[in-house]
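# Residue-level structure breakdown
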Amino acid sequence: MILIGDKEFYKGINKISYEGKKSDNPLAYKYYNPEKIIAGKKMKDHFKFAVAYWHSFCGLGSDPFGPGTQEFEWNKSGDPIQRAKDKADAAFEFITKMGFNYFCFHDVDIIEEANTLSETEKRLQIIRDYIKEKMRISGVKVLWGTANCFSNPIYMNGAATNPEFNIVARAGAQIKVALDTTIFLNGENYVFWGGREGYMSLLNTKMGKELDHMAQILILARDYARSQGFKGTFFIEPKPMEPMKHQYDFDAAAAIGFINKYGLEKDFKLNIEVNHATLAQHSFEHELAFAANSNMLGSIDANRGDYQNGWDTDQFPNNIYEITQAMIILIKEGGLMGGGINFDAKLRRNSTDNDDIFHAHIGGADVFARSLIIADKIINESNYVSILENRYKSFDNGLGKKFESGELSLEDLYEIAHKNPDPKLISGKQELIENLINQYL
Ligand code: XUL
Ligand code: CO
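What you see is a predicted model, and the numbers here were worked out from it, not measured in a lab.

All right, on to the overall build of the protein chain then. When you go through the protein chain residue by residue, the secondary structure sums to 16 helices and 12 strands. Against the globule reference of 22 Å for 441 residues, the protein chain gives a C-alpha radius of gyration of 24 Å, in line with a compact fold. If you line up the protein chain on its principal axes, its C-alpha atoms span 85 × 60 × 45 Å. Here the protein chain holds 441 residues, and 50% of them are scored as buried. Within the protein chain, counting contacts between residues at least 6 apart in sequence, those at least 24 apart form 76% of the total. Taken as a whole, the protein chain presents about 21,600 Å² of accessible surface, with 51% of it coming from carbon and sulfur. Distance between charge centroids for the protein chain: 3 Å, based on 50 positive and 60 negative side chains.

With that out of the way, let us pick up the nonpolar core. Counting 125 residues, the largest nonpolar core has Phe47, Tyr53, Phe100, Phe103, Ile131 and Leu270 as the members making the most contacts within it. Residue contributions to this core peak at 14 residues, all from helix H12 (residues 356–381). When we break this core down by domain, the ones giving at least three residues each are domain 1 (37–381) and domain 2 (384–440). Excluding residues that lie within four positions of it along the chain, Tyr53 makes contacts with Cys58, Lys87, Ala88, Ala91, Phe103, Cys104, Phe105, Asp109, Ile110 and Ile131.

Once that is clear, we can look at the packing of helix H6 (residues 165–184) against helix H7 (residues 207–227). At a minimum axis distance of 10 Å, the contact between H6 and H7 shows a crossing angle of 30°. Judged by the angle between their axes, H6 and H7 are roughly parallel. As H6 packs across H7, the resulting crossing turns out to be right-handed. Residues Val168, Gly172, Ile175, Lys176, Leu179, Asp180 and Ile183 of H6 form the contact with H7, whose own contacting residues are Ile217, Ala221, Tyr224 and Ala225. Of the residues in the contact of H6 with H7, the class split is eight nonpolar, one polar and two charged.

On to the domain arrangement of the protein chain. Entries for the protein chain in the domain assignment read domain 1 (37–381) and domain 2 (384–440). The gap between the C-alpha centroids of domain 1 and domain 2 is 39 Å. Between domain 1 and domain 2, roughly 740 Å² of surface is buried when both sides are summed, and carbon and sulfur atoms account for 74% of that area. In terms of surface lost to domain 2, no three residues of domain 1 exceed Tyr321, Lys332 and Ile378, which account for 59% of the buried area on that side. Taken together, the connections running from domain 1 to domain 2 amount to zero salt bridges. At the junction of domain 1 with domain 2, the criterion picks out zero residue pairs in polar contact (both at pLDDT 80 or more).

Moving on, we come to the packing of helix H3 (residues 80–98) against H12. It is the contact of H3 with H12, at a shortest axis distance of 11 Å, that shows an interaxial angle of 45°. In terms of axis orientation, H3 runs oblique to H12. In the crossing of H3 with H12, the sense of the turn from one axis to the other is right-handed. Contacts between H3 and H12 involve Phe94, Lys97 and Met98 from the former and Ile357, Phe358, His361 and Ile362 from the latter. A breakdown of the residues in the contact of H3 with H12 according to their chemical character gives five nonpolar, one polar and one charged.

Turning our eyes to something else, we now look at a nonpolar patch on the surface. On the surface, Tyr392, Phe395, Phe403, Leu410 and Leu413 cluster together to form a nonpolar patch covering roughly 520 Å² of accessible area. Inspection of the secondary structure puts Phe395 in the loop between helix H13 (384–391) and helix H14 (398–404).

Let us now look at the coordination of the cobalt ion (ligand 2). Tetrahedral coordination by four donors sets the ideal angle at the metal to 109.5 degrees; octahedral coordination by six donors sets it to 90 or 180 degrees. Those protein atoms acting as donors to the cobalt ion (ligand 2) are Glu237 (OE), Glu273 (OE), Asp301 (OD) and Asp344 (OD), and they sit at 1.9 to 2.2 Å. Relative to the metal, the six donor atoms surrounding the cobalt ion (ligand 2) lie at angles of 80 to 173°, and the coordination shape comes out octahedral. The sequence pattern describing where the donors of the cobalt ion (ligand 2) fall on their chain is E-x35-E-x27-D-x42-D. With Glu237 in the loop between strand S8 (233–236) and strand S9 (246–247) and Asp344 in the loop between strand S12 (341–343) and H12, the pair connects residues that are 107 residues apart, well separated along the chain. Note on Glu237: relative accessible area 4%, which makes it buried.

It is worth spelling out the side chain of Ser56 at this point. Within the secondary structure, Ser56 sits in helix H2 (residues 53–58). Ser56 gets classed as buried once you look at its relative accessible area, which sits at 4%. If near-sequence neighbours (up to four positions away) are discounted, Ser56 is found in contact with Val51, Phe72, Trp74, Ile357 and His361.

Bringing the site of ligand 1 into the picture now. Taken together, the residues surrounding ligand 1 are Trp54, His106, Trp144, Phe150, Trp193, Glu237, Lys239, Glu273, His276, Asp301, Asp312 and Asp344. Residue Glu237 places a side-chain N or O atom 2.7 Å away from an oxygen atom belonging to ligand 1. In this structure, an oxygen atom belonging to ligand 1 sits 2.8 Å away from a side-chain N or O atom of Asp344. In isolation ligand 1 has 290 Å² of accessible area, and contact with the protein removes 94% of it.

Attention now moves to the sheet that holds strand S5 (residues 141–146). Within the closed barrel, the eight strands sit side by side as S3-S4-S5-S6-S8-S10-S11-S12. Their pairing is parallel. Taking each pair of neighbouring strands and ignoring which way they run, the sheet shows an average axis angle of 30°. Of the pairings in the sheet, the one linking S8 to strand S10 (residues 268–273) comprises three bridges and is parallel in character. In the strand pairing of S10, Phe234 is matched with Phe268.

There is a patch of like positive charges on the surface, built from Lys21, Lys22, Lys36, Arg370 and Lys377. Here Lys21 shows up in the segment before strand S1 (37–38).

Conventions used here
- Residues numbered from 1 in each chain as written.
- Chains lettered and ligands numbered in written order.
- Predicted model: local features only at pLDDT ≥ 70, side-chain atom pairs only at ≥ 80, totals over all residues.
- Heavy atoms only, no water.
- Helix = DSSP H or I, 4+ residues; strand = E, 2+ residues; numbered from the N terminus.
- Rg over C-alpha atoms; globule rule 2.2 N^0.38 Å.
- Buried < 20%, exposed > 50% of the residue type's maximum accessible area, 1.4 Å probe, protein only.
- Contact = heavy atoms within 4.5 Å.
- Areas by Shrake-Rupley, 256 points an atom, 1.4 Å probe, with all protein chains shown as cover.
- Lys, Arg positive; Asp, Glu negative; His and termini not counted.
- Charge placed at Lys NZ, Arg CZ, Asp CG, Glu CD.
- Core = buried A, V, L, I, M, F, W, Y, C linked by side-chain atoms within 4.5 Å.
- Domains from an automatic or database assignment.
- Axes fitted to C-alpha atoms, helices over the stretch in contact; angles between N-to-C directions.
- Parallel < 35°, antiparallel > 145°, perpendicular 65-115°, else oblique.
- Left-handed = near helix turned anticlockwise from the far one by under 90°.
- Nonpolar A, V, L, I, M, F, W, Y, C, P; charged D, E, K, R; others polar.
- Buried area = accessible area lost by both parts, 1.4 Å probe.
- Salt bridge = Lys/Arg side-chain N within 4 Å of Asp/Glu carboxyl O.
- Polar contact = N/O pair within 3.5 Å; in protein donor to acceptor, adjacent residues only side chain to side chain.
- Patch = residues over 30% accessible without salt bridge, like charges linked within 9 Å, V, L, I, M, F, W, Y side chains within 5 Å.
- Donors = N, O, S within 2.8 Å, 3.2 Å for Na, K, Ca; no water.
- Tetrahedral: all angles 85-135°; square planar, octahedral: opposite > 155°, others 65-115°.
- Near = heavy atom within 4 Å.
- Pairing = 2+ DSSP bridges.

Right under this line is the structure:
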């Protein structure tokens, strides 16, 4: 098997390389230089950029008002197995032309679901062999795998949280096969996004029971995967709504509360997605900081939302201000715990040329690279870190330090407050810091 055979899908597009910011070649990286070292690590190791199989090779661009607009060459065969192989050919051609090392997939992205569970499993066993060989030749790896337990109409009332046991069992079966597939492909991590794990109306919902069931499925999945030798991390991907009105993994705070309540904290971290954060009325950096503070910053689904509407538009990232703030957190945290940057983003419905998907990913990679460089400068060359440290310096020694280490009682605070009846008001310097960040953009 050769990687790009007679069927070259992205004709006329060569491997994308780094040409620097003076280049006017739209099919070149201006900032993403995989081997360049920033903050002690190669760029490619900071990011571990991954292509999302579902958006880039499956999604045809349909919306509630009309069908898809993409005409993928790899969708033409009448045989589902051949279609899946052609799709894998296109995927590996694209990923290697981008110079990326990873992809992420749902079970039903790499092969179309058949009419029965067992037929789908048979199909998966064929395509996983085919994909594994392509991985071997190209060196491309799986950042994470997952089960799509939300598209099939059988999950309309939920998967793990379905009120009917037989459907919960079906979700369990599907997750088992998705884990088998991920492990077979040496997947580094495994994701749970609970698209239908939530409810439309509380009137027909026993919330506590559903949460217990969701945890039970995660426990079973973890124990099974570990028994099969899986060493990677499990990620929960929070999202507040869409498709359900209320989703249980609303945001990082809710997911962390859930993980801790059910004792899953050793095996589970978070996969934070930009547009999910903004749907939850948070900023991306808020969600990253919240996850990081609980030692749960596992991975990132990179995209962006739209400031003028309230749904998951999954646009490619292009907001340098937003991503710079994220990169400040990433550098300070020393990176992601096992994960990487997965472009969970899709082209607009009217972006239908062969090269559009390249422009989209080049732009995304360059925004992350440029933001990383800026964040590193802000941390090392500006006085940003010292301004922040200085704000909390009253806890570095003396009574503040004693408070932090639990040596003061509430009565002690009472005494201290009475000895200092007039504490100084200290400016937060927000505008100064905002200007400082802008100076480096
Ligand atoms: C949905 C979403 C999913 C997950 C994987 O909004 O982000 O694609 O990333 O199921
Ligand atoms: Co996602």
